[in-house]
Amino acid sequence: MLNAFARYAYLRYKQIRDKVNPRKCKYMYIHQVRQQLALPARLQRVCKLLTMTEEEVLYIVEFVRKYLKYVK
(Lines give C-alpha, C1' and ligand atoms only; values in the text may rest on other atoms or scores of the structure.)
Protein backbone atom coordinates (compact mmCIF):
# COMPACT_ATOMS: atom_id res chain seq x y z
CA MET A 1 0.00 0.00 0.00
CA LEU A 2 2.83 2.39 0.85
CA ASN A 3 4.54 1.59 -2.44
CA ALA A 4 1.37 2.48 -4.34
CA PHE A 5 1.12 5.80 -2.52
CA ALA A 6 4.79 6.53 -3.22
CA ARG A 7 4.19 6.03 -6.95
CA TYR A 8 1.09 8.24 -6.80
CA ALA A 9 2.96 10.92 -4.83
CA TYR A 10 5.79 10.95 -7.36
CA LEU A 11 3.33 11.25 -10.24
CA ARG A 12 1.59 14.20 -8.57
CA TYR A 13 4.97 15.77 -7.67
CA LYS A 14 5.99 15.69 -11.34
CA GLN A 15 2.73 17.44 -12.23
CA ILE A 16 3.31 20.08 -9.54
CA ARG A 17 6.92 20.57 -10.65
CA ASP A 18 5.85 21.03 -14.26
CA LYS A 19 3.27 23.68 -13.31
CA VAL A 20 5.72 25.88 -11.37
CA ASN A 21 8.67 25.43 -13.73
CA PRO A 22 9.26 28.49 -15.95
CA ARG A 23 11.80 26.58 -18.09
CA LYS A 24 10.12 23.43 -19.36
CA CYS A 25 13.24 21.96 -20.92
CA LYS A 26 15.13 21.87 -17.61
CA TYR A 27 13.92 20.07 -14.49
CA MET A 28 13.87 21.82 -11.12
CA TYR A 29 15.34 20.55 -7.88
CA ILE A 30 13.00 20.00 -4.96
CA HIS A 31 14.25 23.03 -3.05
CA GLN A 32 13.45 25.19 -6.09
CA VAL A 33 9.93 23.75 -6.26
CA ARG A 34 9.43 24.55 -2.58
CA GLN A 35 10.64 28.12 -3.15
CA GLN A 36 8.18 28.58 -5.99
CA LEU A 37 5.33 27.21 -3.88
CA ALA A 38 6.16 29.68 -1.12
CA LEU A 39 4.67 32.37 -3.34
CA PRO A 40 0.90 32.48 -2.70
CA ALA A 41 0.01 33.22 -6.33
CA ARG A 42 1.93 30.20 -7.62
CA LEU A 43 0.43 27.92 -4.99
CA GLN A 44 -3.09 29.08 -5.88
CA ARG A 45 -2.39 28.55 -9.58
CA VAL A 46 -1.14 24.99 -9.03
CA CYS A 47 -4.15 24.20 -6.85
CA LYS A 48 -6.52 25.51 -9.48
CA LEU A 49 -4.85 23.70 -12.40
CA LEU A 50 -4.54 20.34 -10.64
CA THR A 51 -7.81 20.59 -8.65
CA MET A 52 -6.02 19.94 -5.38
CA THR A 53 -6.10 21.79 -2.08
CA GLU A 54 -3.11 23.70 -0.75
CA GLU A 55 -2.63 21.13 2.01
CA GLU A 56 -2.50 18.29 -0.52
CA VAL A 57 0.08 20.07 -2.66
CA LEU A 58 2.32 20.88 0.28
CA TYR A 59 1.93 17.38 1.76
CA ILE A 60 2.91 15.70 -1.52
CA VAL A 61 6.01 17.88 -1.90
CA GLU A 62 7.02 17.24 1.72
CA PHE A 63 6.42 13.48 1.39
CA VAL A 64 8.55 13.31 -1.74
CA ARG A 65 11.32 15.33 -0.09
CA LYS A 66 11.43 13.12 2.98
CA TYR A 67 10.86 9.61 1.65
CA LEU A 68 11.79 9.43 -2.03
CA LYS A 69 15.55 9.56 -2.12
CA TYR A 70 15.82 9.52 -5.91
CA VAL A 71 14.28 13.00 -6.11
CA LYS A 72 17.00 15.62 -5.87
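A few points on the structure. (Residues numbered from 1 in each chain as written. Predicted model: local features only at pLDDT ≥ 70, side-chain atom pairs only at ≥ 80, totals over all residues. Heavy atoms only, no water.)

Section: the nonpolar core
Consideration 1: Y13, I16, L37, V57 and V64 are the most contacted members of the largest nonpolar core, which totals 21 residues.
Consideration 2: Of all the secondary structure elements, the ones that give two or more residues to this core are helix 1 (2-20), helix 2 (30-37), helix 3 (40-50) and helix 4 (54-67).
Consideration 3: Beyond its immediate chain neighbours, meaning those up to four positions away, V64 contacts A9, Y10, Y13, I30 and V71. (Core = buried A, V, L, I, M, F, W, Y, C linked by side-chain atoms within 4.5 Å. Buried < 20%, exposed > 50% of the residue type's maximum accessible area, 1.4 Å probe, protein only. Helix = DSSP H or I, 4+ residues; strand = E, 2+ residues; numbered from the N terminus. Contact = heavy atoms within 4.5 Å.)

Some details on the pattern of salt bridges
Consideration 1: Across all of its chains, the model carries 3 salt bridges by this definition.
Consideration 2: Residue R34 pairs with E62 through a salt bridge whose shortest N-O separation is 3.3 Å. One end of the pair, R34, is in helix 2; the other, E62, is in helix 4, with 28 residues separating them in the sequence.
Consideration 3: Put simply, R65 and E62 hold a salt bridge, and the shortest N to O gap is 2.6 Å. (Salt bridge = Lys/Arg side-chain N within 4 Å of Asp/Glu carboxyl O.)

Here we look at the packing of helix 2 against helix 4
The angle between the axes and the distance between the axes are what describe a pair of packed helices.
Consideration 1: Interaxial distance between helix 2 and helix 4 falls to 11 Å at its minimum, and their mutual angle equals 160°. As far as their axial angle goes, helix 4 and helix 2 are roughly antiparallel. At the point where helix 2 passes helix 4, the crossing takes the left-handed sense. Residues I30, R34 and L37 of helix 2 pack against V57, V61, E62, V64 and R65 of helix 4.
Consideration 2: Of the residues belonging to the contact of helix 2 with helix 4, the class tally is 5 nonpolar, no polar and 3 charged. (Axes fitted to C-alpha atoms, helices over the stretch in contact; angles between N-to-C directions. Parallel < 35°, antiparallel > 145°, perpendicular 65-115°, else oblique. Left-handed = near helix turned anticlockwise from the far one by under 90°. Nonpolar A, V, L, I, M, F, W, Y, C, P; charged D, E, K, R; others polar.)

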